[in-house]
Amino acid sequence: MTLALSARAADFGALDTPLLVLALPSGSSIDGALEVLDRRLGGVLRRTLERRDFRGARDETLHLSSTGAGVERILLVGIGKSEDRAASLRRAGAIAARQTSKLGVRRLTFFAGALSETEAEAVTVGLIAGSWDFKELKTPPPAEDQRDPLEEAVILTTTPAAERGVATGRAIGEGHSLARRLGMLPGNVCTPDYLADTAREIGQRYGMTVTVLGRAEMERERMGSFLCVAQGTPQDPKLIVLEHRKGPANAKPIGLVGKGLCFDSGGISIKPAQGMEWMKFDMCGGAGVLGAMETIGRLNLPVNVVGLVGATTNMPSGTAVKPGDVVQASNGKYVEIINTDAEGRLVLADVLVYAARFKPAAVIDAATLTGACVIALGHTATGVMGNDDELVQEVLDAAKRAGEPGWPLPLWDDYKELIKSDVADVKNSGGRPAGTITAALFLKEFADGYPWVHLDIAGTAYTESDLGTVPRGPTGVPVGTFVEFVRGRTR
Ligand code: BES
Ligand code: MN
Ligand code: ZN
């Protein structure tokens, strides 16, 4: 169920809500609008702060049962003393919505003082993120054990611009939720076919052209790199293309590319059994493209954007590609397969070549590409590399605004030595040293003729532990980054 959201002017004299969220920075005192409320509540807020029962530290929460007066519960959420108020409020929104869902309260009212348009947008994105859950594949508990879902959130704000922020935030939140749902769906449900159908639905909703290439079409395009990954599975691989053409007819489009490995077993270079189930998330880059296209469609952004997803499954079988094999990508380059588990770059190679036909102004790809990126940057930052320093900076800025921070790694030619092949133009693995960089350098061989940035989201697209804001599972990265980048180009 989607969360109903609205903005309303704060009137604490007449507020009536089952749960009021107050997002407070550290060292807050009760003044201004909150004084009216506190008087109605018999001074509970002032007493709580004076006793230092609640100090407003980042992520701190305190649940108070109110004595009535139209406000049944109060949830205090700390936002610390961060400089970036939008980021803090996005976080507070997520924590508040998660807590409210756990309580089983249907409606919350959120107050954080005056909100700019950007801050209202951030609160909205956070509330949607926090209210998201995945229950489709669980039998519901008996009625008496069920908790009410969070259905509605009202954001109290004293600025009219905030209403626009809520509308934008809702579109971004829906994109995040779509990407997270696709991520959570298991490999036997979320197949390349399923991703293609999802793309067709998005296209239908927003008037985008959708083209899907299957194995036969990709053979005609001589996509030997992509196809060698798909040769171990009977499922039809899909190259999915969505075109949103709402900019000037002659304006070059932005390309958004995603790795859509619906499952990555490693192939013949098979992965260890322990934790292999996490590799259903190997399509989070592709899900990010679809989520971003959902948001771009909803916002009807006046730009030209082409979304491309390379979707398949990496499986061992008698027909699977083997270490030592040499394949030819659609740009003619020969690739020696060293490790069949380095499959994402093989899929993306042909998708990046295909992207050139749209004469893009810029291409950004997102991929859960390397375990090495998780070692380098953990689960906090996306690895960012590209062939154009200005574009890298533009993407880093967009990622930061979206609350999905990235960090640059050096894409120096010196590292190319590591992926030189004895028999072919390039090999698909350079081993463990600089694994994230060599993977990106491999992609660079195919991202030819346009400015390009690669996002390694292996550590950020999903989480194996509860982050407070989101539970175990997909985070929605890189939807926000894609959308912010595209919006940045419309300003
Ligand atoms: N999908 C994986 C990367 C990955 C690993 C993502 C862990 C998230 C968590 C990718 O296809 C892969 O297997 N990469 C190999 C490359 C190596 C064989 C050069 C890796 O990272 O080990
Ligand atoms: Mn792999
Ligand atoms: Zn993979």
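Here goes a summary of the coordinates provided. (Residues numbered from 1 in each chain as written. Chains lettered and ligands numbered in written order. Predicted model: local features only at pLDDT ≥ 70, side-chain atom pairs only at ≥ 80, totals over all residues. Heavy atoms only, no water.)

1. Let's talk about the coordination of the zinc ion (ligand 3)
Within the protein, the atoms that donate to the zinc ion (ligand 3) are K259 (NZ), D264 (OD), D282 (OD) and E343 (OE), at distances of 2.0 to 2.4 Å. Coordination at the zinc ion (ligand 3) comes from six donor atoms whose angles at the metal span 78 to 173°, giving a geometry best classed as octahedral. Here the donor residues for the zinc ion (ligand 3) map to a single chain with the spacing K-x4-D-x17-D-x60-E. The metal-metal distance between the zinc ion (ligand 3) and the manganese ion (ligand 2) comes to 3.2 Å, with D264 coordinating both. Of the two residues, D282 is situated in the loop between strand 9 (254-264) and helix 9 (284-299) and E343 in the loop between strand 12 (334-336) and helix 10 (344-355); the sequence distance between them amounts to 61 residues. This pair shows no difference in class: D282 is buried, exactly as E343 is. (Donors = N, O, S within 2.8 Å, 3.2 Å for Na, K, Ca; no water. Tetrahedral: all angles 85-135°; square planar, octahedral: opposite > 155°, others 65-115°. Helix = DSSP H or I, 4+ residues; strand = E, 2+ residues; numbered from the N terminus. Buried < 20%, exposed > 50% of the residue type's maximum accessible area, 1.4 Å probe, protein only.)

2. A closer look at the packing of aromatic side chains
In this structure the tally under the stated criterion is seven aromatic pairs. When the ring of F281 is compared with that of Y462, the centres are 4.7 Å apart and the planes differ by 25°; the resulting orientation is stacked. Linking F281 in the loop between strand 9 and helix 9 with Y462 in strand 18 (residues 462-463), this pair joins segments that are 181 residues apart in sequence. Overall, F281 belongs to the buried group, its relative accessible area being 3%. Owing to a relative accessible area of 8%, Y462 belongs among the buried residues under this scheme. Ring centres of F442 and F446 lie 5.2 Å apart, and the angle between their planes is 40°; on these two criteria the pair is classed as tilted. The same class applies to F442 as to F446, namely buried. Among the aromatic residues, those joined into a ring-pair cluster are W278, F281 and Y462. (Phe/Tyr/Trp six-rings, centres within 6.5 Å; stacked < 30°, edge-to-face > 60°.)

3. Thoughts on unusual backbone geometry
Negative phi characterises most residues that are not glycine, and trans characterises most peptide bonds. Note the cis peptide between V477 and P478, where omega equals 15°. Within the secondary structure layout, P478 lies in the loop between strand 19 (473-474) and helix 14 (479-490). Even without being glycine, R52 reaches a positive phi, approximately 60°. Checked against the element boundaries, R52 lands in the loop between helix 2 (44-50) and strand 3 (61-68). Note on R52: relative accessible area 49%, which makes it partly exposed. A positive phi angle, close to 60°, is found at R222, a residue other than glycine. Structurally, R222 is set in the loop between helix 7 (215-220) and helix 8 (224-230). Overall, R222 belongs to the exposed group, its relative accessible area being 61%.

4. Looking at the site of ligand 1
Taken together, 16 residues sit near ligand 1, with K271, D282, D341, E343 and G371 positioned nearest. In the environment of ligand 1, an oxygen atom lies 2.9 Å from a nitrogen or oxygen atom belonging to the side chain of D264. T368 places a polar main-chain atom, nitrogen or oxygen, 3.2 Å from a nitrogen atom of ligand 1. Burial of ligand 1 by the protein chains amounts to 80% of its free accessible area of 520 Å². Residues belonging to the shell around ligand 1 are distributed by class as follows: four nonpolar, five polar and seven charged. (Near = heavy atom within 4 Å. Polar contact = N/O pair within 3.5 Å; in protein donor to acceptor, adjacent residues only side chain to side chain. Areas by Shrake-Rupley, 256 points an atom, 1.4 Å probe, with all protein chains shown as cover. Nonpolar A, V, L, I, M, F, W, Y, C, P; charged D, E, K, R; others polar.)

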